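Observations on chain architecture
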Amino acid sequence: MLWFVNHEWRKHGTCAKLATALYFAEEARVAGSAELGACRECLRDAVAAGAGAVSAADVLDSLGGPRRAALMADKHCRLAEITTCWAKKPDGTVGAQIDCPDHLLGSARNSAVLSGCQRVHLDAAGSCTFITKEMLRALKRPDAA
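Summary of the structure given here.

Considering the arrangement of structural elements, one finds S55 in strand β1 (residues 53–55). Look past the residues within four positions of S55 in its chain and what remains in contact with it is Q118 and R119.

Encoded structure:
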């Protein structure tokens, strides 16, 4: 998981203008937020059912609709990343979830939607590089937040 922490800090944290600890505390707060709860359940249910894939529309609906999130997938519709959009408070911390800007929704960050993936695969043949087996195990735990 160290690679993930380093990646997140280099790509996002250094621009946040927050202390490292506060940046990761905010990231953890958002990840555990009620706004993302339905998405966690949607993904956890798919993993628990052994489905291996979930409806892209269901994922977007669970996040507040298609303007509230972008789904990145490879050419085989394997889910690589989910981007949600949030307001930034004056102190640099995370505010309320907001609609994503058009430039993000029309970019590669929304490749699953733009390429017409009806379903996104969560761990197709173990080849997904962003959703790790560790993350999938956490989703399978009944006590996972």
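Turning to the state of the cysteines, a few remarks are in order. Put plainly, a disulfide is one covalent bond tying together the sulfur atoms of two cysteines. Inspection of every chain in the model, using the stated rule, returns two disulfides. What pairs with C77 in a disulfide is C117, and their sulfur atoms sit 2.1 Å apart. Classification of the bridge connecting C77 and C117 rests on its S-S torsion, roughly -85°, and on that basis the disulfide is left-handed. With a gap of 40 residues between them, C77 in the loop between β2 (69–73) and β3 (79–84) and C117 in the loop between α6 (111–114) and β6 (119–121) connect regions that are remote in the sequence. As far as burial versus exposure is concerned, C77 and C117 are alike and both buried. Disulfide partner of C85: C100, at an S-S distance of 2.1 Å.

Let us look at the nonpolar core. Counting residues in each nonpolar core, the largest one holds 23 residues, and the members touching the most others are V54, V59, L71, V120 and L122. Elements supplying a minimum of two residues to this core: α3 (37–48), α4 (56–62) and β2. With five residues, the next largest nonpolar core counts C85, C100, L104 and L105 among its residues.

With that out of the way, let us pick up the pattern of salt bridges. This model, assessed by the stated rule, comprises five salt bridges. R67 is the salt-bridge partner of D102, the closest N and O atoms lying 2.7 Å from each other. One end of the pair, D102, is in helix α5 (residues 102–105); the other, R67, is in the loop between α4 and β2, and 35 residues separate them in sequence. The class of R67 is partly exposed, set by a relative accessible area of 37%. With a shortest N-O distance of 2.8 Å, D99 and R68 are connected by a salt bridge. Of this pair, D99 sits in the loop between β5 (94–97) and α5 while R68 sits in the loop between α4 and β2, placing them 31 residues apart in sequence. The partly exposed category is assigned to D99, whose relative accessible area is 41%.

Where burial is concerned, most of β2 is hidden: four out of the five residues are buried. When β2 meets β3, the two strands line up antiparallel, connected through five bridges. By the bridge assignment for β3, L71 is matched with I82. Between β2 and β3, which pair antiparallel and follow one another directly, the connecting turn spans five residues, one of which, C77, has a positive phi of 65°.

Here is what the cut-offs are and how they apply
- Residue positions are given per chain, counting from 1 as you read along its sequence in written order.
- Where totals are concerned, whole chains, interfaces and linings use all residues; where local detail is concerned, this predicted model gives features only for residues with pLDDT of at least 70, and gives and counts side-chain atom pairs only at 80 or more.
- Only hydrogens and water are set aside when side-chain values are computed; all heavy atoms of the structure are taken into account.
- Helix and strand definitions follow DSSP, with helices as H or I runs of at least four residues and strands as E runs of at least two, each counted in order from the N terminus.
- Any pair of residues with heavy atoms lying within 4.5 Å of one another is described as a contacting pair.
- The term disulfide is used for any two cysteine sulfur atoms that are within 2.5 Å.
- When a residue's accessible area, from a 1.4 Å probe over protein chains only, is under 20% of the maximum for its type it is buried; when over 50% it is exposed; and in between it is partly exposed.
- Residues belong to a common nonpolar core when they are buried Ala, Val, Leu, Ile, Met, Phe, Trp, Tyr or Cys residues joined through side-chain atoms within 4.5 Å.
- Just to be clear on terms, a salt bridge is a Lys or Arg side-chain nitrogen sitting within 4 Å of an Asp or Glu carboxyl oxygen.
- For two strands to count as paired, DSSP must find a minimum of two bridges between them.

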